[in-house]
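Now for the letters of each chain:
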Amino acid sequence: MNSIIFKKEIYTYFRNLNYIFLPLIFFFLVISIFPLVIGPNKSLIAKIIPGIIWITIIFTSLLSSSNFFKDDYNNGIIEMYLTSEKSIEFILFLKIIICWFFTIFPIIIFIPIVSIMFNISLHTLTTIFLTLLLGTPVLVSIGIFGSALTMGISKNNILGPIITVPFYIPVLIFSASAIESVSNGLPYDLQIYVLLSILLLILPTMPYLLKYTLRISINN
Amino acid sequence: MKNIDILVDNATCLRGDNLIFDNISFNLSNGEILFIMGPNGCGKTTLIRSLCGIQHLENGCIKINNVNINNPECNFLENLVYIGHNDSLSENLTTYENLEYLNKFDLSNKDEFISNPNKFLKFFDISKYKNYLVSELSQGNKKKVALSRLLFTNKKIWVLDEPLSFLDEDSKNNLIKLFLDHITNGGLIVTSTHIDFSNYFEKSKYLNMKGININE
């Protein structure tokens with residue numbers, strides 16, 4: 001029934017394939033440069049690669065979400081949303097999910113290739129996988145929130161990331177802690193539950209927050 | 001027929017420290033059209049945006065049927081369609097898909113467009129662009145696609161920002177015909193314009209944004 005609303009979001013990516021490939025290629029470029037700088041120390045790389053994956057993911061998600069509303073704002077679609085009597089929370093929710101699905105999810109799928117490149121054990125790989133699945137939707141929604149805040153400012157390229165990156169820290173801390181626990185052979189379910197609860201807190205509330213932020217930003 | 005009154009009382013708008021306009025007052029009721037005129041940068045767009053509730057007023061108020069539009073209980077958006085100078089079209093969708101999308105946001109008239117899209121595309125002569133991406137269209141054609149929203153809405157208040165820009169002679173006449181139809185059916189139109197086409201209308205009002213006077 002709402003097929004055209006789905007279609008619009010999906011076509012944004014399908015008709016601009018660079019939106020999908022840019023994050024993917026950026027991620028692999030950065031990841032593959034690291035060993036060149038660190039040197040061929042197998043045990044050191046195995047120890048720090050989960051952290052590198054997470055940091056690279058953060059920059060990738062900033063790349064895809066910091067200008068998230070720019071097109072819709074410039075084309076007047078945000079104005080149209082706010083002057084329509086239809087409620088837009090569901091659309092904003094869809095936007096977050098689809099942005100995550102097309103920009104970050106492909107990277108998560110290719111993480112096993114990274115694990116082969118860097119000799120990551122299967123157990124650590126599963127944890128990285130799990131923390132990424134639970135953590136990245138939060139990163140994307142916070143990034144999108146930052147882009148909504150700075151949408152009306154014409155030279156906003158740096159302000160959005162400065163506002164949003166501090167909010168990434170809880171997700172980062174618990175993911176890093178989960179990965180460290182698993183590589184030391186300790187249980188890590190606590191951290192996973194915390195990540196899950198952050199996800200369940202952020203995802204449903206973000207559309208409402210976004211709606212009010214858009215309303216304020218459009219006022220500039 | 002539903003009666004609608006728009007009352008703008010002493011509206012003043014600041015952006016930062018800049019005064020955009022001050023003490024704008026007018027009222028408008030069924031069957032009337034208001035032309036907002038004035039030089040570039042005099043605040044026409046800002047006034048139009050504040051009528052739609054997306055621009056904050058420093059002072060004064062806007063009431064529709066005697067209810068302030070800032071009041072959460074005032075669901076004036078049910079009656080209002082706004083077309084800004086950005087056309088609200090997605091570059092990644094085709095003409096048809098864009099109109100289908102815009103139609104979804106207009107709850108006043110659910111499926112008339114879906115059941116017979118060609119009828120609506122024909123009005124502004126954009127049928128042949130039905131499956132073109134909007135990014136491939138010229139400015140004038142984009143404007144026509146955006147204005148096609150007016151064909152399938154049942155809302156009474158039309159708030160339009162520079163609807164005539166980029167349009168060719170035929171489309172201009174079509175649009176004026178559309179306006180006349182809407183006015184005869186008891187609709188209200190607020191439009192900013194540089195081209196005076198008030199001679200087509202019996203009951204038109206002017207708002208000259210330089211001075212604050214309304215001539216009947």
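What counts and what doesn't
- Residues numbered from 1 in each chain as written.
- Chains lettered and ligands numbered in written order.
- Predicted model: local features only at pLDDT ≥ 70, side-chain atom pairs only at ≥ 80, totals over all residues.
- Heavy atoms only, no water.
- Pairing = 2+ DSSP bridges.
- Helix = DSSP H or I, 4+ residues; strand = E, 2+ residues; numbered from the N terminus.
- Axes fitted to C-alpha atoms, helices over the stretch in contact; angles between N-to-C directions.
- Contact = heavy atoms within 4.5 Å.
- Buried area = accessible area lost by both parts, 1.4 Å probe.
- Salt bridge = Lys/Arg side-chain N within 4 Å of Asp/Glu carboxyl O.
- 1 Å grid on protein atoms, 1.4 Å probe; cavity = no way out; pocket = protein on both sides within 12 Å on 5 of 7 lines; lining within 4 Å.
- Points joined across faces, edges and corners; volume = space filled by probe spheres on them.
- Nonpolar A, V, L, I, M, F, W, Y, C, P; charged D, E, K, R; others polar.

Colleague: Could you clarify how one ought to interpret the sheet that holds strand E3 (residues 33–37) of chain B in this entry?
Modeller: Working definition: the strands of a sheet are paired by backbone hydrogen bonds and lie parallel or antiparallel to each other. Residues and elements named next belong to chain B. Read across the sheet, five strands follow the order E6-E7-E8-E3-E9 without closing on themselves; strand pairing throughout is parallel. Each of the sheet's edge strands pairs with one partner strand only, and the pair in question is strand E6 (80–83) and strand E9 (204–208). Direction aside, the axes of adjacent strands within the sheet are offset by 15° on average. Sheet topology places E3 next to strand E8 (residues 188–192); four bridges connect them, and they run parallel. Paired with Ile36 across the bridge in E8 is Ser192.

Colleague: I tried to follow the interface of chain B and chain A on my own but got confused; where do I start?
Modeller: Accessible area lost when the parts come together is the quantity often used to give the size of an interface. Taken residue by residue, the interface counts 32 residues in chain B and 29 residues in chain A. Taken together, both faces of the contact between chain B and chain A bury some 2,700 Å²; the carbon and sulfur share is 56%. Here chain B and chain A share three salt bridges between them. Residue B:Arg49 is joined to A:Glu79 by a salt bridge in which the shortest nitrogen-to-oxygen separation is 2.5 Å.

Colleague: What is the right way to read the layout of surface pockets from this model?
Modeller: With a probe scaled to a water molecule rolled over the atoms, the places where space remains empty come into view. Residue and element names in this part refer to chain A. In this structure, the largest pocket encloses a volume near 720 Å³. Taken together, the residues that form the lining of the largest pocket break down as 14 nonpolar, twelve polar and five charged. Considered as a void within the structure, the second largest pocket measures approximately 520 Å³ in volume. For the second largest pocket, the lining is made up of 25 residues, of which Thr12, Tyr19, Asn67, Phe68 and Asp71 are closest to its centre. Looking at the lining of the second largest pocket, its residues break down into nine nonpolar, nine polar and seven charged.

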